[in-house]
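# Observations on the three-dimensional arrangement
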Amino acid sequence: MQEHTQLSNKQINDDLLKDILTVPKWWLPAVAFLSLIVLTGLGAFFFMMYHGLGVTGLNRPVMWGFFIANFVFWIGISHAGIMISAILRLTQAEWRRPITRAAEVMTVFSLIAALHTPLMHVGRPWRVLYWIFPYDFSRGIWPNIRSPFVWDPSAVGTYLIASSLFVFVCLIPDLAILRDRVKNPIGKKIYSQLALGFRGTPRQWKLQIIAGILLSALVLPVFVSVHSIVSWDFAVLIGVEGWRSTIFAPYFIIGAIHSGVSAVAMLMALSVWLYGLDKYIKPDHFDAIARLLIVVATTWFFFFFLEWVYALYTLESPEIALRELQAFEWPYGPLFAIFVITSFVIPVPMWLFKRVRRSAALMFWTTILVNIGMWLERFLIVIPGLLRRTHMTFDWGTYHPSIIEILIVVETFAFVCLGMLLFAKVLPLIPLFDIKEGMVNRRLIKVGRRVVPATIREGLPHHYYENKH
Amino acid sequence: MVTDPGNRVIESYVETDNSAEARKAVSDGILNIHKVTSNRFWQFAALFGIMFVLGLIGFVMRLSSGFDDKAAWGYYVALFAFLMTTSSAAPMVAIAPRIANSHWRRPISRAAEIWTLAGCLNLLIYIPLIWLLPSLENGRRSLWFYGQQKAQDMDSCWVFCWGGGVPAYSPHIWATLAILGLVVLGFALLWLSILPDLAVLRDHGEGWQKKWGRKLALGWRGTSAQWNWQYHRMGVVGAFYFMMLVFVHFFISVEFLMVHVPGWIDSLYPITHAHNALQGGVATVMLTMFFLRKFGGYKDYIGLDQFWGLGKLLLALSLLWFWFWFSSFMVLWYGKKPSEQAVLELLVKGPYLYLFITIFLLVFILPWFTMIWNPVRRSVWGPPILAGSILVGTLLDRIRLYVGAWDVAEKSEMMHSMMHMEMEEVPGTIPSLGIADAFVIVGFIAGSVLIFMLATRLIPAINIWERKEMLLYKAEVQFHRTKVMVMGKPR
Amino acid sequence: MAKRSVLGLYTEEDSAADALDNLREAGFEEDECEILTGVPYPEGTFGEAEPEHHLYRWPLIGAACGFTIALLITAGTELAYPLVTGGKPILSIPAMAIIMYEGSMLGAIIFTIIGIIFESRLPRIFMGAYSEKITEGHIGVTVTTDETRTDAAETALTKAGTDGEIIRGWE
């Protein structure tokens, strides 16, 4: 990173723990507001549970609507957290340091938001237990492992457990700092238990570093598999036009990375504004993430283009009719235009300019646009195909989301924001030891009149660099 | 040095060994190896030359068999696809790590770029395929939505209204332009990269190397403006090369492969083909590194860092191979549609079953189960062995796909069923490998290697200016009781 | 004999390294001495021995366990309650492979986490001699030894120059 502020350990502790040890003025009103939205959403869910799924807009043939689009959206957001953290750790990119934990925590809460949407969607969620634990063996039925709906919980569950444990393990050193700093006896006791007696021996630090790399390498294949499996909920079906495409797995994943990395950029901007972390999250970080976003967005757009090309390539009239519906007919046509414009046409050309890339405000607004577009993308994948799913025109339908569905979807957004705020109140969103390590490893190289930032690299024991082998 | 308010030093400058002597030592070291051509080199060049001549004989034999029997050209097309998957993709090893500012790529980027010269051989091999490709008038699926190809019972023509004026030979034109564009971009990338080293040859080379260095260096003097220009152009050309490579693989995988198999609608396959190219390119450079180190005299330049860096990349690409294959397979397998089952029967379960299992082992299982072990990945012998395995597997994979597809194409054309959504008949056997095909495969692979070898007589196989640039940013320093490596990141 | 720990706190890395050298000269073993830092330093910064670990066994064992359990669940339940769906065989390898893959990865990750905690010698019930200044940037050198040798340890630590703090604790 070209911009850098060298800080002492004490200063880092003070800056990054102040919002845990004290309560910012805006925090309580924000939590109250978000809690209200969450409670309203839960209220809508209980209303739906009592009155049945008829209070939603779901009906034949559109049996999947807002809930499923929302589910796929949040699974997508959850992907970037671990991806950014894992890939940047594996490539030893220095700019990862202030971002990794926030991204990982966003993954955990996004996954929980994603999971509770289909649970609400089933209408009678307590029956899910019977699906996992058959209550009546004599019926001779067990969950059908050939169904993508069984692969889903195995994948999402694995990812949730893996992400949560990843966050915890990487938190241990910071829990030790909190153990040492917190004065409140109850807090001190809780942090002491969670820190597991971490003291900072070379052995413990070495294993922390290896943990970061090894867990990244293990979680990345899970990250790839989760959204592939979610995409197969759609792609393996033969009854719905627009879904049967082999490109769905990587298309969903690259879309997930696009929306998720955009969400991480939003998080960075909010961290700077709400928590005053401008000494840690610099314009250089926004620049780096924007460059990543250009590559990801362009790749995503290529996949989107391929998906459309192959839909037309089939020369099958139902498929082409669906594409006409998606792109030209009300209300999907305008939504399609908005989706393309907000997810690619506006943000990507803007990101080509350095001034935009280095501005927290412009990055925040362009990435919001991306996420609006990507939510619409999931909506446009799920609903139009179902509208004319059957060949009999009398069975064609329309879909109008009800207020219940809207409230529940809004609740998921509020849930993730609330979760992040509550997390940031008790645990640091920026990993302190990672920042401190960056300070220790930072060096400067003078090349003529120019000073080039450098880092101590410990990838191999130094004798390997001597090429004597 | 920077101090804090308490006057304690909190940042200090690291001294790098960037003296004129050190820079001269880099040039001299590489030039001293570059100037010498051993007898063994000429022996191998002669051997590859003879094999290339056999390849040309096979090429003529294949041409003389005419263009009517498509199935007979299957192996030829497979070889073309294999060379596009390996030598044309090798420059990506120079482009991508350069954009990511990875220092480990410096000793190997030149070798990766030199492989672009084999592109002219690929262009030669491509030419007969222009005659082989059916025109759109014959009635076949294509990316060009030819106006007369309307789907059955379809009223809407918006898809075709804008495509109605597409020439019947659009695939031929665009594929040719794309491959030509790739070759030109490859040459441009190589020339931009070697300019400063040609200046070194001009100034310090001997004999014909000095003469050609003077001609091709075009007055390079090393001004700031020239370096800036060169750096930015390399970035732009590199990015365009990557996009063109994906574009070319898109064309090859659709027009030369999928359209010939009725019912094979696989939107992921162009990406899979491009990914196979990246994997093949990395494997090609890995093997090149091994031979340059072992036989080329570059042992002090190509070290563990390079094998380790590329090894990690190769492992990731091998895992991705499986993911791309499984993503296509799962969708085709799950639906149990007869048309898709026929495609799986052709490519996986039918006559090519044992070939597929072999490919699966060579390209995925073997790299995965060996390269997850650090001692294998972090060695100079492990990754090259796996690279060899991947290259053999990739060749067999191209044969499986292209020979199978062109065998079906022959039968489908005969039955006028190229537009159908299901194969009339899945072939029960693999077309046999003729003597012409064997000559072509062995000969043109040898020809690509020969081009690389001859190119390294003029162009230094190790990038001199990038090695010198490394002196600016790398230092080994004492850090309290240990030594550490410090690496600078200028951009 | 009960073990005691003695901690010396330093503000400079070289002082901590000198303290470690003094302890070696005084006859203390490597495994009796430990460096405590609030930030990871490059290996060997204080002249300490490279810590050995066997972490890499854990993901392999975990993956094997996860794979086995997933195989038993998928194959076992489908054979126990055979129900043909979608024209696919009862034991459908592509479908089973997905759940077996997830099971293997879950097993590998869970065992890796356990391995990291175990190899880090955590959880540690007694902190021994420890100071909160370590997480503020001080470097600690701690010696865990018999009661009779704690004075010698303190002498060795003080020779390197502390900023006035020697802490004693129970192991």
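Residue numbering note: each chain is counted from 1, following its sequence as written. Following the order in which they are written, the chains are lettered starting with A and the ligands numbered starting with 1. Reporting of local features is limited, given that this is a predicted model, to residues whose pLDDT is at least 70; pairs of side-chain atoms are given and counted only at 80 or more, and all residues count toward the totals for whole chains, interfaces and linings. For side-chain calculations, the full set of non-hydrogen atoms in the structure is used, while hydrogens and water are omitted.

Right, let's get into the side chain of Arg146(A). Numbering of helices and strands starts at the N terminus; helices are DSSP runs of H or I of at least 4 residues and strands are runs of E of at least 2. Structurally, Arg146(A) can be placed in the loop between helix H5 (127-132) and helix H6 (148-181). We define a polar contact as two N or O atoms separated by no more than 3.5 Å, with the added condition that, inside protein, one atom must be a possible hydrogen donor and the other a possible acceptor, whereas residues neighbouring each other in sequence contribute only through side-chain atom pairs. In terms of polar contacts, Arg146(A) uses its side chain to reach the side chain of Glu78(C), at 2.9 Å. At 3.0 Å, the side chain of Arg146(A) and the side chain of Thr85(C) are in polar contact. Aside from chain neighbours lying at most four places away, what touches Arg146(A) is Trp151(A), Tyr334(B), Glu78(C), Leu83(C), Val84(C), Thr85(C), Lys88(C), Pro89(C), Ile90(C), Ser92(C) and Ala95(C). Residue contacts are defined here by distance: any two heavy atoms, one from each residue, within 4.5 Å place the two residues in contact.

Our focus in this paragraph is the interface of chain B and chain A. Residue-level contacts link 68 residues of chain B with 59 residues of chain A. Two parts placed together each lose some accessible area under a 1.4 Å probe, and the buried area is that loss summed for both. Surface buried jointly by chain B and chain A totals about 5,700 Å² across both partners, of which 68% is contributed by carbon and sulfur atoms. Residue Glu340(B) pairs with Arg244(A) through a salt bridge whose shortest N-O separation is 2.6 Å. If you look at where chain B meets chain A, you find 13 residue pairs in polar contact (both at pLDDT 80 or more). For the side of chain B that touches chain A, the element with the most residues is helix H12 (residues 304-335) of chain B, which contributes 13 residues. Under the convention adopted here, Pro, Cys and the residues Ala, Val, Leu, Ile, Met, Phe, Trp and Tyr are nonpolar, Asp, Glu, Lys and Arg are charged, and Gly plus all remaining residues are polar. In terms of residue class, the side of chain B that touches chain A is built from 40 nonpolar, 12 polar and 16 charged. Whenever Lys or Arg places a side-chain nitrogen within 4 Å of a carboxyl oxygen from Asp or Glu, that contact is recorded as a salt bridge.

The next thing to look at is the domain arrangement of chain C. Domain boundaries assigned for chain C yield domain 1 (3-37 + 137-170) and domain 2 (57-119). For each domain, the first and last residues come from an automatic or database assignment. On a C-alpha basis, the centres of domain 1 of chain C and domain 2 of chain C stand 49 Å from each other.

The terminal C-alpha atoms of helix H8 (residues 170-204) of chain B lie 50 Å apart, and with 35 residues this matches the ideal 51 Å at 1.5 Å per residue to within 8%. Of all the bends in H8(B), the largest measures some 50° and sits at Leu195(B), one to four residues before the proline Pro196(B). Expected span of a helix, by definition, is 1.5 Å for each gap between consecutive residues, and there is one gap fewer than residues. Bend, in this description, refers to the angle at a residue between axes fitted to the seven residues ending there and the seven starting there.

One key point about sheets: their strands pair by backbone hydrogen bonds, in either a parallel or an antiparallel sense. With respect to topology, five strands assemble into an open sheet ordered E3(B)-E1(A)-E2(A)-E5(B)-E4(B), the strand pairing being mixed. The open sheet has two free edges, formed respectively by strand E3 (13-14) and strand E4 (474-479) of chain B, since each of these has just one partner strand. Should DSSP find at least two bridges between two strands, the strands are taken to pair. Relative to strand E5 (residues 482-488) of chain B, strand E2 (residues 450-457) of chain A runs antiparallel, the two sharing four bridges. Each residue of the ladder has a partner; that of Ala454(A), found in E5(B), is Gly488(B). Interaxial angles span 0 to 180 degrees and are taken between N-to-C directions of axes, which are lines fitted to C-alpha atoms, for helices over the stretch in contact. Running over the sheet, helix H17 (residues 432-441) of chain A touches strand E1 (442-447) and E2 of chain A together with E4 of chain B and is turned about 35° from E1(A). Of the strands in this sheet, E1 and E2 of chain A together with E4 and E5 of chain B touch helix H18 (residues 464-473) of chain B, which is tilted by about 30° from E4(B).

Moving on to unusual backbone geometry. Excluding glycine, residues mostly carry a negative phi; peptide bonds, for their part, are mostly trans. Cis rather than trans, the peptide bond between Arg60(A) and Pro61(A) has omega equal to -10°. On the secondary structure map, Pro61(A) appears in the loop between helix H2 (27-51) and helix H3 (66-90). The omega torsion across Trp330(A) and Pro331(A) is -5°, close enough to zero to call that bond cis. Mapped onto the elements, Pro331(A) comes out in the loop between helix H11 (317-328) and helix H12 (332-345). For Leu218(B), which is not a glycine, the phi torsion comes out positive at approximately 50°. Relative to the assigned elements, Leu218(B) resides in the loop between helix H9 (207-217) and helix H10 (224-255). Any residue under 20% of the maximum accessible area for its type is buried, any over 50% is exposed, and the rest in between are partly exposed; the area is computed with a 1.4 Å probe on protein chains only. Overall, the relative accessible area of 59% leaves Leu218(B) in the exposed class. The backbone of Lys336(B) shows a phi angle near 60°, a positive value even though the residue is not glycine. Relative to the elements of secondary structure, Lys336(B) occurs in the loop between H12 and helix H13 (338-349). Residue classification places Lys336(B) among the partly exposed positions, given a relative accessible area of 28%.

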